[in-house]
Structures are given as C-alpha cells and as structure tokens.
Amino acid sequence: PGDLDAMNLKHVEGAATDEEVATPRDYNTLLDEFSLHQFIIRRGKTLSTTPEFESFHRKHARGWGPIQDTVTALEKLLETHEVAIAYVDGNKISQLAQMEHRAPTNDDLLDCLVNLDQILAQIKLPGSRYKGSHRDRNASLALQSVYRGHLCRRAFRNSMLRFRAALIIQRMWKTITTARTTERVVENRIAARKEHFANLSSKLSSGWALMQRRKRVVVHIPSMSREEAQRMSMHDFAVRQNSQLSRLTWLSSADVEVIYVAQFPLAPDVLQYYSKLLQISGHERPEDRFKIVFPENYDRFPSHFSLATVLAYSPRCLKRIQNFCRGKDAYIIPGVVGPDDLKVACLLDMPLLGPEPQVAAVYGSKSGSKRIFSMAEVNTPPGAYDLYSEHETIHSLARLIFQRLDIQRWLFKIDDEFLGRGHAWLDVSHLQCHAALVREKSRSAHIWLDPGKQNAAVNKVMEELVRVLPKRAETAHKDLFPSWEAYLETFTRVGGVIEAVPAPPPQGGGPDIQSPSVNLVVQPHGEITIQSTHDHMFTSDYHYVGATFPQQSANREALHGAALAVGLACYNKGIVGYISVDFISFVDADGKDKLWAVDLNIGMHDTAASFELFRFITSGHYDAGSGEFFVEGEPENHEDEDEEALVPDSSARCYSVCDPLYHPNVATVQYNVFFNLCRLKGVHFDLQEKEGTAFMLVDSFAGGVLGMLCVARDRLRGLKMLSEGLDFVQLQLGISRSNSEKLLPVGQFRSCVREVRKHIEAENVRASAVDAIREQEAQQEMHRQFQAQTM
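Remember, it's a predicted structure, so these values are computed and weren't measured experimentally.

**With respect to the environment of D69**
Logical step 1: Summarising the element assignment, D69 is placed in helix α4 (residues 64–80).
Logical step 2: A residue is classified by how much of its surface remains accessible, and D69, at 56% relative accessible area, is exposed.
Logical step 3: C-alpha of D69 to C-alpha of A97: the two residues are 28 residues apart in sequence and 8.0 Å apart in space.

Here it is in structure tokens:
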C-alpha cells in the first residue's frame, strides 16, 4: 500500500507540471509571431504607436539601427512627394536593411510599399514634389542642385580640357626631348663612326706601301648599296650582287688571302667550279687560302636589302671574318659604297679601300662626275647638269639646241642611275623649229648675234619642246619609265644631266661612236695606276652587253692622260680605291678624232673584275705604257728565212666578255653534262696556248645565269669566240622564247648575240681597211726602193 500511494503522488505532481507549461500566450506574443507587420506612414511620419509597428519593433529589436535608417529614408521620400498615407511592408523593410553592400535606391524603397500602385501614380506625376507644403523649399533646392550641377560640369569640362592640353603638352615635350636625346645619341654615334672610319683610312694610307709587301687578307664585299627604289626595280638583285665572283682570283699573289662575302649560300657546283679554276695558280688546295662566307640572316630580310645591310645584322658572319683576319693585315674592297659599308668597316675594325659614302654619292652621280671632269680639265660633251625642275630642264635643252644646231640627238641621264637604266633621248629631227633655225642662221648670221633674236628663238624652241617631248622622247628602259611623264618625274626629283650625242661622220667604216673605258686604282697614298682599258659594247638603245680588252678605239696617250687627270681629281676629293672612267670617241665632221669623258663609276666595275680573272688564267701582265697584255710564251721562228728573227718571249692577248645573261634553259642542264658538251665542242680554255673560253658562274645552273670570257690573240678572234660561245649555248639549250625581264642587267639573250655580231662586222671592216693601208704603204715602199736602185 505504501508503494501505491507513492506512485499516485508522482502522477499528480506530473499532471500539475504539464498544466503549467501549456498556459495560453498573450496578445502581443501572438501578434509578434503571426502579424504581417504592415505599418503606416502618414505625411512623411511613421505612426509608431500602432500595434503593428510596436510588434515590428519588438520582433527586430536586435537589428533595429539599419531598419530605422531605412524607414527614415522612406519617410523623406514620401514627404518630398507629399504622399498622404502609405502602407509599408515591414518584412521587406527588414530584408532591405540587411543589404550592407550598397545604400537602398528610391526604387528599392518604393518596392516596400503595399499600396505602391496608388503612390507610384502620384510620385511619377511631373511636378508632384512641388505641390506640397514644402514646395518652395523643394523647388529652390532643385534649382540650386541643377545650377550647381551645371557649374560643376562646366568646371569639370574646363578642368578636363586643361588636363588634356597639359597631357598633350607633356607628351609632346617628352617626345621632343626624347627625339632630341635620340638625335644627339645618333649624331654622336655617327660622328664616332666617321671618326673611326677616318682613323682606319688614315692608318691604311700611312701603311699601304708596307702592307703591299706583306701577307694580307683582302675582304671582298660586293654590295650594291643603292637607293631602295633602284634595288627593288632590279630583277634578281641578289644574283647581280654576286656577279663578281671572279674576285676570288686575287689570291694569285702568294701574299694574299681572300674572303669573299656572298649574298646567299653558293651551290656546290659553283664552289667546285671555282676551286678547280683556282688550281691554275699551282696550288693543290687553294681553298686553304680563300673563304666564302654569307650572312646567316640572309633569309630573314627582304631580298632587295643590300649585302652590307644584311651583313651588318649578321653577327656570326662578322665574327667569322674577324677570326680569320685576327693577327693579319686586312682591308675591305667594297662594291657600290653606302652608309652600311662604313658601318660594316667599323664593326670589323678594318679599313675600306673606298671613299666615304657621302663623297661617293655626290661625285658618283652624273652631275657630280661633271664637276670632277671640270676639275680634271678633260673634254666633255656640250650639255647641262644639276637639273631639278621641268622648266629648268626644258629651258636648258632649248638653249643647247639653239647653241649647237649641229647636234642631232640630245641624251638625258638620271643622276643616280647606272648601266644605261636612266637614259632617254630626243632627236631634233622631230622639231620643226630646228630646220627653220638652221636656215635662219645660214641666211643672216649677223642678225643671229642679236640678244633679242636669240631669246625669241629660245622661247620658240621651248614652246615646241613642251609639245614634242611627251610624244617623241624615247626612254631606254620601258619597264622602268613607260612614259616621258614617269621619266621626267624621277629626273626632276633625283636630278640629272643633258648631253650631246655626236653626229656620225659622213663616211662609214665601222661603228660611228665607240665607248672606251679606263679602270683606275687610286691608291690610299696617292699613287694612281691604270688597271685596264676596255671598249664597252652597247645596244642602240644604250643597254650594256659586254666589253673587249684592250681598247682600240681611242688614242692611247690621250685616253690615259685624261683618265689619270680624272683619277688625280678624285684623289683630291677624297676618293680612293677602284674607279672607272667612261669616254666616247668619234671622228667629227672635220675628220678629227675626239674624246669626251661622259661618266665616272666609283667602285669596282664588272670589267675590272673580269680583267682580274683574265690575268689569273693567263698568268700574264699588263703593260700600261703600250696598252697591251702579254703572256710568257716560247719564241717562234718566222718561215721566211730572209726575215729570220725571233718573236719576243711574250705574246699579246686580248679578251671579249659578255655581261652575265639569263637563259631559262640553263636550269634544265646538269653541271657535269654542260661542261662535257663544252669540251666536246671545243668551248673551253687551253692552258697551254692561253686561249679559249672561260665561264663566269654567279649562281647554280638552276638560276639560269651565265657569263663568258673569251681569250684570244687578237680582238677579232676574241669576238668570234664569244659569238661562237653564245651560238653554242643557243644550239645546245635552244633559243629562248621567254620575254622575261629577269635578264642581267637588262635586254634579251638574242640582243647580246646581235650586238656581238655587229662588232665582228665592224672589226672585219676595220681590219680590211688596215690591211689595205698596209698594202698601200708596202707598195709605196717597194716603189721607193725600186727608184733608189735604178738611180
């Protein structure tokens, strides 16, 4: 019984506890839990005494600060727009107050309103904010804010303009100062480079005589550092720069080692050909004395870049040259000198056997050569130079025509062109006024001296020239200058000269006008030597095709004297190294021989390089006094016993050479097959007789470029051998039907053949005339002897 009472007592106590826990909740508790917490804002003031707001405050008491700020912002918004009554969703207000990353916008605040549709119509109504009790204040605030905004924007624009102007000024000033600094750095480097070059040249000049007696290294860099437009207009420019591979024959002297810088890697067949050719000197391994290098970056630059430019940016090739020349005397023989040649000389720390680029540019031009000829006091054609405008050109031509009515053709030359590329001409037969002037002069010579008459005549010629030149003037290279207008634009931009072309003599008897040329070496210490003389071969439209050695068209003493005078004038102007002086020789209307200097080429001419190859394969020597080249030979007995005498221990040799020509079918023939055919057909060089044909390769046969040098005992035989060699190429390879302008320098293969044959015919006529004169002299001598015996 006692346990039962205890259990009943515990049950009663548990029931009392449950009753205490389940006591009913009061109104505020239920309101806080189940209310929507929508409170009222009337005329910008929250009704804070409403149960709903008090419940809302109790529920969010812990985070009331942000909520109060949000409610206050909403009150200001509603007060501004004079909203009478608004119902606010407290839950949205609490959620909006929890956004800490940004302040609530007006749209966010309006989104918390329950009666948004009613209030939004009032708020969006224009001018609603200026109808309440604070309308004056709100309006003034709006006006002030707008005007202040306008002032601020205007001030900001002005500030930005000043800022941008200051920024532009700063940038321009920085650019100017940087440019000036860079210009000073460049000028200092150029000055240092020029000083370095001057020191190297001075060292070369003082030690030249000693250097020629010691072992030395000659570095050949046959770069054509011409203007970019010229280089881009030259087809196969890289092959043209490599056309003087015969410079390798400089190692014929036992004291000379040669470094030849090629534009590109040479093909194995070319290296094999020249290695065998150089064995003529008696060295079994000539490759030990010459090196052929090429810039390692040759394929990274455009093909029209000059060799010197590519070499200046090929440090590995420069290093190889320096290593080969270390501890030896060395100097550079350039091609056409340019600024990059000077740069390469300074990088290699080697003297350049040539002038400064500025000097070469000034006196290597057509107008510059006229100044040199004037200083040398040599005869030049009537003409004008330093022409840089159309009016000046036409006026000068008109005055020349008026002064020299006997001249039938006037030749134009662009200052910086070469090999006839910049030639154009006008025949005065196209001018009606020319015949009238001739008649007027023959009829009234005393009136001709009147200055007024002269000016009127010149003006008349000018008027006709303006009409006739565009129609009748001819250009030598139609691919470069298709019209007179295109030619004149380059002529006036670069500058040029006008020269008279001498009229042919009344009687024939061979080519009317010959083109002798003299290759000189202006040594650094001032000595001037004649290396060789040639007669150039040109087509009728002034395309260069080849040359013959030695020259036979001009008086030797007059030619040598004029050339040496030009060489002395060049030395006085700081021009050293290899130069070539071009002349024209002709017989005037009175039957007198005339010699005019027409052009000056600064740098090694192709004929100078071919002469070194000729001297190498014949092992002879050039006698500048007689103008002949002799090779050592066995004495020969004359068949006539009455005139039994021994021929001197040396015999004369001459040669004919054609400029490297392009034949497309050469690329189809293998190297060994071609030379086997040459041997079978007798087109080869005889080492015993020192006669025959030698080929000048400038690239692999795949390039299709070929040159020939034909050595013979007389000029006529040399021309015939050259003609036979060209005929052999055409016979074995076929006649080229291609109209490609890839020819070097220009023209076609067949035009070279025609020009050579024309010179053969002229030489035959000249030889016949000489034989007739000799026969007549012999008959006269026999007649005198007969008369002496009878008396």
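Having seen the model, we can carry on.
**Points about the packing of helix α2 (residues 27–34) against helix α3 (residues 51–59)**
Logical step 1: The geometry of α2 relative to α3 is characterised by a closest axis approach of 9 Å and an angle of 75 degrees between their N-to-C directions. Considered as vectors, α2 and α3 are oriented roughly perpendicular to each other. For the pair formed by α2 and α3, the contact residues are N28, L31 and D32 on the first element and P51, E52, S55, R58 and K59 on the second.
Logical step 2: In the contact of α2 with α3, the residues fall into 2 nonpolar, 2 polar and 4 charged.

**Things to note about the pattern of salt bridges**
Logical step 1: For the coordinates displayed, the defined rule picks out 20 salt bridges.
Logical step 2: In this structure, the salt-bridge partner of R421 is E417, at a minimum N-O distance of 2.8 Å. Assigned by exposure class, R421 and E417 land together as buried.
Logical step 3: In this structure, R493 and E489 form a salt bridge, with 3.6 Å as the shortest nitrogen-oxygen distance. Here E489 and R493 lie together in helix α21 (residues 484–494), a separation of 4 residues that amounts to about one turn.
Logical step 4: Note on R493: relative accessible area 54%, which makes it exposed.
Logical step 5: Look at E489 and you get partly exposed, because its relative accessible area is 44%.
Logical step 6: Each member of the salt-bridge network shares a partner with another, and the members are K370, K413 and E499.

**Description of the sheet that holds strand β2 (residues 45–46)**
Logical step 1: If you walk across this open sheet you meet the 3 strands as β2-β1-β3, and the pairing is antiparallel. The outermost strands of the open sheet, each flanked by one partner alone, are β2 and β3 (85–89).
Logical step 2: Of the strand pairs in this sheet, strand β1 (residues 38–42) and β2 are connected by 2 bridges, and their pairing is antiparallel. Bridge pairing in β2 places I41 opposite T46.
Logical step 3: Sheet strands touched by helix α5 (residues 90–97): β1 and β3. Its angle to β3, the strand with the most contacts, is close to 65 degrees.

**Digging into the pairing of strand β16 (residues 577–587)**
Logical step 1: The buried count for β16 comes to 10 of 11 residues, which makes it a mostly enclosed element.
Logical step 2: Both strand β13 (residues 516–522) and β16 contribute to a ladder of 6 bridges, which runs antiparallel. By the bridge assignment for β16, N519 is matched with S580.
Logical step 3: Pairing between β16 and strand β17 (residues 593–602): 9 bridges, direction antiparallel. Opposite V581, over in β17, you have L600 as the bridge partner.

**Overview of the sheet that holds strand β7 (residues 329–336)**
Logical step 1: The 4 strands lie next to each other as β6-β5-β4-β7, forming an open sheet whose pairing is parallel. Among the strands making up the open sheet, the edge pair consists of β6 (290–293) and β7. Strand after strand, the sheet turns through a mean of 20 degrees between neighbouring axes, direction not considered.
Logical step 2: The pairing of strand β5 (residues 256–261) with β6 spans 4 bridges and is parallel. Of the residues in β6, the one forming a bridge with V261 is V293.
Logical step 3: Each of β4 (216–224) and β7 is contacted by helix α14 (residues 339–348), which is oriented at about 165 degrees to β7, the strand it contacts most.

**Focus on empty space enclosed by the protein**
Logical step 1: According to the stated counting rule, one finds 5 cavities of 30 Å³ or more in the structure shown.
Logical step 2: Looking at the second largest cavity, its volume works out to about 120 Å³.
Logical step 3: Lining the second largest cavity are 16 residues, and of these D606, S610, D659, P660 and M696 sit closest to its centre.
Logical step 4: Listing elements by their share of the lining of the second largest cavity, those giving two or more residues are β15 (544–549), α23 (606–618) and β20 (650–662).
Logical step 5: Class assignment for the residues of the lining of the second largest cavity results in 7 nonpolar, 6 polar and 3 charged.

**As for a nonpolar patch on the surface**
Logical step 1: A cluster of nonpolar side chains, namely I168, M172, W173 and I176, defines an oily patch on the protein surface of about 410 Å² accessible area.
Logical step 2: As for its position among the elements, I176 is in helix α8 (residues 135–211).
Logical step 3: Taking the relative accessible area as the measure of exposure, I176 reaches 33% and is therefore partly exposed.

**Some remarks on the nonpolar core**
Logical step 1: Within the largest apolar cluster, 130 residues are counted, with the highest numbers of intra-cluster contacts made by V219 and I321.
Logical step 2: Ranked by residues supplied to this core, first place goes to helix α25 (residues 715–733) with 8 residues.
Logical step 3: In contact with I321, other than residues within four places in its own chain, are V219, I259, V261, V293, L348 and M350.
Logical step 4: The next biggest cluster of nonpolar side chains, apart from the first, holds 35 residues, and it includes L400, A424, A457 and F491.

**Looking at the side chain of H304**
Logical step 1: Summarising the element assignment, H304 is placed in the loop between β6 and α12 (307–312).
Logical step 2: A polar atom in the side chain of H304 sits 3.2 Å from the side chain of E228.
Logical step 3: Filtering out sequence-adjacent residues up to four positions away, H304 remains in contact with E228, R231, M232 and F237.

**Section: the confidence of the model for the protein chain**
Logical step 1: Confidence in the prediction of the protein chain, expressed as mean pLDDT, is 85, and 90% of residues score 70 or more.
Logical step 2: For residues 634–649, every residue scores under 50 in pLDDT, and the model assigns this stretch 14 contacts once sequence neighbours within four places are set aside.
Logical step 3: Segment residues 737–747: pLDDT under 50, and 29 contacts once partners within four positions in sequence are set aside and those in other chains are kept.

**Thoughts on unusual backbone geometry**
Logical step 1: Residue F549 is joined to P550 through a cis peptide bond whose omega torsion reads -10 degrees.
Logical step 2: Of note, P550 is situated in the loop between β15 and α22 (556–572).
Logical step 3: A positive phi angle is found at R43, which is not glycine, with a value near 50 degrees.
Logical step 4: Here R43 shows up in the loop between β1 and β2.
Logical step 5: A positive phi angle, near 55 degrees, is found at L419, a position not held by glycine.
Logical step 6: Topologically, L419 is positioned in the loop between β9 (409–414) and β10 (423–427).

**Topic: the environment of G620**
Logical step 1: Mapped onto the secondary structure, G620 falls in the loop between α23 and β18 (621–623).
Logical step 2: With 306 residues separating them in the primary sequence, G620 and S314 have C-alpha atoms 39 Å apart.

**Things to note about the packing of aromatic side chains**
Logical step 1: Taken as a whole and assessed by the stated rule, the structure comprises 34 aromatic pairs.
Logical step 2: Ring centres of F53 and F56 lie 6.4 Å apart, and the angle between their planes is 50 degrees; on these two criteria the pair is classed as tilted. Linking F53 with F56, this pair stays in helix α3, spanning 3 residues, or about one helical turn. F56 shares its class with F53; the two are buried.
Logical step 3: Seen from their ring centres, W484 and Y487 are 5.6 Å apart, and the 25 degrees between their planes marks the pair as stacked. Remark: Y487 and W484 occur in helix α21; sequence separation between them is 3 residues, near one turn of the helix.
Logical step 4: Aromatic rings pair up to connect Y273, Y274, F674, F675, F695 and F728 into one cluster.
Logical step 5: The ring of F418 has R226 sitting right over it, with the charged end atom 3.8 Å from the ring centre.
Logical step 6: Stacked on the ring of F324, the Lys or Arg K328 has its end atom at 4.7 Å from the ring centre.

Reading guide: rules and limits
Residues numbered from 1 in each chain as written. Predicted model: local features only at pLDDT ≥ 70, side-chain atom pairs only at ≥ 80, totals over all residues. Heavy atoms only, no water. Helix = DSSP H or I, 4+ residues; strand = E, 2+ residues; numbered from the N terminus. Buried < 20%, exposed > 50% of the residue type's maximum accessible area, 1.4 Å probe, protein only. Axes fitted to C-alpha atoms, helices over the stretch in contact; angles between N-to-C directions. Parallel < 35°, antiparallel > 145°, perpendicular 65-115°, else oblique. Contact = heavy atoms within 4.5 Å. Nonpolar A, V, L, I, M, F, W, Y, C, P; charged D, E, K, R; others polar. Salt bridge = Lys/Arg side-chain N within 4 Å of Asp/Glu carboxyl O. Pairing = 2+ DSSP bridges. 1 Å grid on protein atoms, 1.4 Å probe; cavity = no way out; pocket = protein on both sides within 12 Å on 5 of 7 lines; lining within 4 Å. Points joined across faces, edges and corners; volume = space filled by probe spheres on them. Patch = residues over 30% accessible without salt bridge, like charges linked within 9 Å, V, L, I, M, F, W, Y side chains within 5 Å. Areas by Shrake-Rupley, 256 points an atom, 1.4 Å probe, with all protein chains shown as cover. Core = buried A, V, L, I, M, F, W, Y, C linked by side-chain atoms within 4.5 Å. Polar contact = N/O pair within 3.5 Å; in protein donor to acceptor, adjacent residues only side chain to side chain. pLDDT = per-residue confidence, 0-100. Phe/Tyr/Trp six-rings, centres within 6.5 Å; stacked < 30°, edge-to-face > 60°. Lys NZ or Arg CZ within 6 Å of the ring centre and 35° of its normal.

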